[in-house]
Protein chains: 2
Amino acid sequence: MTVDKKREILQAAQQSFSLFGYKATTMDHVAKASQVAKGTIYNFFKNKEELFQAVIAELLQEMKDKAELVMDDDLPLKKNVHAALVELLEYRKSHQLTVKLVYEAKDKGTTAVREALDHIEELILNYLKEKIVKAIEKGDIRPCDPEITAFMMLKLYRAFILDWEERHEPLAKEEMFQLFDEYVFKGLSPS
Amino acid sequence: MTVDKKREILQAAQQSFSLFGYKATTMDHVAKASQVAKGTIYNFFKNKEELFQAVIAELLQEMKDKAELVMDDDLPLKKNVHAALVELLEYRKSHQLTVKLVYEAKDKGTTAVREALDHIEELILNYLKEKIVKAIEKGDIRPCDPEITAFMMLKLYRAFILDWEERHEPLAKEEMFQLFDEYVFKGLSPS
């Protein structure tokens, strides 16, 4: 029962944050949308900041689970990046909303929100870093700084799914793979 | 005389925008800093938006001139990117201020400011695109989409000089070349 309520609150909160943004979402709003008394929400989450952190942490966990399902540490990094991209791009629209939301919250949120988001980015980067370290060990990619390489991959992904669409047609999945392949793995130098 | 006054106004405006940001800069402020009557500023620039556009356009022209001086169309793209980076990184601090300013203006400025900034980004991208098209023609780099490649290079540059420093030591010049070399030209795949 308790788990169900928490689940419903988180779902309503996620929808509200996605539809109305971080600032415009209120605890009242989430209470109404989840058909739960406001007091009940406060049993689970101290304030909007905490609720937001929980929503983002859950989204991240979902994405990680989905990516993990299709990756295989015995395969080359390139294959895994490709497989993870296929999986994550299925959720491109909701992912875009999330990234925009994260930027809004960083801009307008409190210090607590910003710190939580920085921490989450750190988690993603560390996850990527681990995969890169393994790939270097296996001779799968050339030696490189795993930290900057993880940073570069995340920035590139964000630029392709978000910034590019500001003034162009969205990139098709296949284009996205090809770009990652060309820029990150093959490089532009003629072979 | 007129040219000198315009010059002084633009210099004072550039300093004010850099120090206090887009929003906090006023025409009064610029008049005082350039020791020019406010009416005189309005002879040259209709409003703050126009003044801002002129400042950004001038900065851009300066950077382009500097980069052009060290580039040579007979050399491979990689050498030219390296040379242009050496030159531009000399102005990294002021460049960082400019990029931050541009983001502030995009966020808080009027539609006119946003359009002007979009136009400027377009100019930079077209410039890069031309260089990339030539490099492909010469067999200097592998065939690729020049538009997305220009976009990717600009995003990567911005990420390295700006975002990286949010939570790390600034990258040294040599590191910057090496990263561009590894990620853009060589690629991570073992050769």
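In this text, all values refer to a predicted model and were calculated from it rather than measured experimentally.

With an axial shift of 0.0 Å and an RMSD of 0.0 Å, the rotation relating chain A to chain B amounts to 180°. Both copies of the chain, as the preceding transformation shows, are related through a two-fold rotation axis. Residues of chain A ranked by C-alpha distance from the rotation axis are headed by Gly187(A), positioned 1.8 Å from it. The share of interface residues of chain A whose copies in chain B are also at the interface is 97%, consistent with both copies meeting through the same surface.

Residue placement: Thr149(A) occurs in helix α8 (residues 146-163). Look past the residues within four positions of Thr149(A) in its chain and what remains in contact with it is Ile132(A), Cys144(A), Tyr183(B) and Leu188(B).

A few words on the packing of aromatic side chains. As enumerated under the stated definition, the model contains 16 aromatic pairs over all chains in all. Plain terms: the ring middles of Phe17(B) and Tyr22(B) are 5.9 Å apart, the flat faces sit at 10° to each other, and that makes the pair stacked. Both residues of the pair, Phe17(B) and Tyr22(B), belong to the buried class. An aromatic cluster is present here, built from Phe151(A), Phe160(B), Trp164(B), Phe180(B) and Tyr183(B) joined pairwise through their rings. Across from the ring centre of Tyr22(A), 4.5 Å away, lies the NZ or CZ of Lys48(A), which sits over that ring.

This next bit is on the nonpolar core. Side chains of nonpolar character tend, in soluble globular proteins, to be buried together. One finds Leu156(A), Phe160(A) and Phe160(B) to be the most contacted residues of the largest nonpolar core, which totals 64 residues. Those elements that provide at least two residues to this core are α5 (77-89), α7 (111-137), α8 and α9 (173-186) of chain A together with α5 (77-89), α7 (111-137), α8 (146-161) and α9 (173-186) of chain B. In terms of residues, this core owes the most to one element, α8(A), which gives 11 residues.

This part is about the pattern of salt bridges. In this structure the tally under the stated criterion is 24 salt bridges over all chains. Linking Lys78(A) and Asp181(A) is a salt bridge whose minimum nitrogen-to-oxygen distance equals 2.9 Å. Of this pair, Lys78(A) sits in helix α5 while Asp181(A) is found in helix α9, placing the two residues 103 residues apart along the sequence. The class for Lys78(A) is partly exposed, based on a relative accessible area of 35%. Between Glu122(B) and Arg167(A) there is a salt bridge, and its shortest N-O distance comes to 2.4 Å. On the criterion of chain membership, the pair formed by Glu122(B) in helix α7 and Arg167(A) in the loop between α8 and α9 is interchain, its members lying in two chains. Judged by its relative accessible area of 37%, Glu122(B) is partly exposed. Exposure remark for Arg167(A): the relative accessible area of 33% places this residue in the partly exposed category.

Moving on, we come to the interface of chain A and chain B. Counting residues at the interface gives 38 residues for chain A, matched by 37 residues for chain B. Both faces considered, chain A and chain B share a buried interface measuring about 3500 Å² in area, 57% of it formed by carbon and sulfur atoms. Among the residues of chain A in contact with chain B, Arg142(A), Arg167(A) and Leu188(A) are the three that bury the most area, contributing 23% of the side total. Across the chain A-chain B interface, the total number found is 6 salt bridges. Taken together, chain A and chain B are joined by 14 residue pairs in polar contact (both at pLDDT 80 or more). The leading source of residues in the side of chain A that touches chain B is α8(A), at 11 residues. Within the side of chain A that touches chain B, the residues separate by chemical class into 19 nonpolar, 6 polar and 13 charged.

Cut-offs applied
Residues numbered from 1 in each chain as written. Chains lettered and ligands numbered in written order. Predicted model: local features only at pLDDT ≥ 70, side-chain atom pairs only at ≥ 80, totals over all residues. Heavy atoms only, no water. Least-squares fit on C-alpha atoms with pLDDT ≥ 70 in both. Contact = heavy atoms within 4.5 Å. Helix = DSSP H or I, 4+ residues; strand = E, 2+ residues; numbered from the N terminus. Phe/Tyr/Trp six-rings, centres within 6.5 Å; stacked < 30°, edge-to-face > 60°. Buried < 20%, exposed > 50% of the residue type's maximum accessible area, 1.4 Å probe, protein only. Lys NZ or Arg CZ within 6 Å of the ring centre and 35° of its normal. Core = buried A, V, L, I, M, F, W, Y, C linked by side-chain atoms within 4.5 Å. Salt bridge = Lys/Arg side-chain N within 4 Å of Asp/Glu carboxyl O. Buried area = accessible area lost by both parts, 1.4 Å probe. Polar contact = N/O pair within 3.5 Å; in protein donor to acceptor, adjacent residues only side chain to side chain. Nonpolar A, V, L, I, M, F, W, Y, C, P; charged D, E, K, R; others polar.

On their own, these measurements won't tell you what the molecule is for.
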